[in-house]
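Structural features, examined
As a plain string of letters, each chain reads:
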Amino acid sequence: MKYRLRPHPRMPQIYLYREPVDFRKSFRGLAAIVEQELGHNPFEGALYAFTNRRRDKIKLL
């Protein structure tokens, strides 16, 4: 069985935001982090992964 590291071959990049994020944030708050702190456009098709403080949960944008 083959395993892929990317969810879809057309997805160009996957980013892991390493600082813990308050999980009460909605997709708008996460998109603001992508824009302001990473300097990326969250609508260009990349996948952004965020973790909570205990690193036992993830949110994807």
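Shown above is the structure to which this text applies.
Below is a summary of the structure that appears in this document. (Residues numbered from 1 in each chain as written. Predicted model: local features only at pLDDT ≥ 70, side-chain atom pairs only at ≥ 80, totals over all residues. Heavy atoms only, no water.)

1. Points about the packing of aromatic side chains
Each aromatic ring pair is described using two quantities: the centre-to-centre distance and the angle formed by the ring planes. Taken as a whole and judged by the stated rule, the model has two aromatic pairs. On the basis of an interplanar angle of 10 degrees and a centroid distance of 5.2 Å, the ring pair of Tyr15 and Tyr48 is categorised as stacked. Pair noted here: Tyr15 is in strand β1 (residues 14-17) and Tyr48 is in strand β2 (residues 47-51), with a separation of 33 residues, a long-range link. Ring geometry for Tyr17 against Phe50: centres 5.6 Å apart, planes inclined by 50 degrees, an arrangement best described as tilted. Of this pair, Tyr17 sits in strand β1 while Phe50 sits in strand β2, and the two are 33 residues apart along the sequence. Cation over ring: Lys59 sits above Phe23, and NZ or CZ is 5.4 Å from the ring centre. (Phe/Tyr/Trp six-rings, centres within 6.5 Å; stacked < 30°, edge-to-face > 60°. Helix = DSSP H or I, 4+ residues; strand = E, 2+ residues; numbered from the N terminus. Lys NZ or Arg CZ within 6 Å of the ring centre and 35° of its normal.)

2. Some thoughts on the side chain of Asn52
Relative to the helices and strands, Asn52 is located in the loop between β2 and β3 (58-60). Its relative accessible area of 12% is what places Asn52 among the buried residues. Reaching out from Asn52, the side chain makes a polar contact with the side chain of Asp56 at a distance of 2.7 Å. Asn52 has contacts with Pro20, Val21, Phe23 and Lys57, leaving out every residue within four places of it along the chain. (Buried < 20%, exposed > 50% of the residue type's maximum accessible area, 1.4 Å probe, protein only. Polar contact = N/O pair within 3.5 Å; in protein donor to acceptor, adjacent residues only side chain to side chain. Contact = heavy atoms within 4.5 Å.)

3. Some words on the nonpolar core
Across soluble globular proteins, you tend to see nonpolar side chains buried next to one another. Within the largest apolar cluster, eight residues are counted, these being Tyr17, Val21, Leu30, Ile33, Val34, Ala46, Tyr48 and Phe50. Sorting the residues of this core by element identifies α1 (27-36) and β2 as the ones contributing at least two each. The element contributing the most residues to this core is α1, with three residues. Ignoring sequence-local partners within four residues, the contact set of Val34 consists of Gly39, His40, Pro42, Tyr48, Phe50 and Leu61. (Core = buried A, V, L, I, M, F, W, Y, C linked by side-chain atoms within 4.5 Å.)

4. A short note on the pattern of salt bridges
By the definition in use, this model includes two salt bridges. With a shortest N-O distance of 2.7 Å, Asp56 and Arg54 are connected by a salt bridge. (Salt bridge = Lys/Arg side-chain N within 4 Å of Asp/Glu carboxyl O.)

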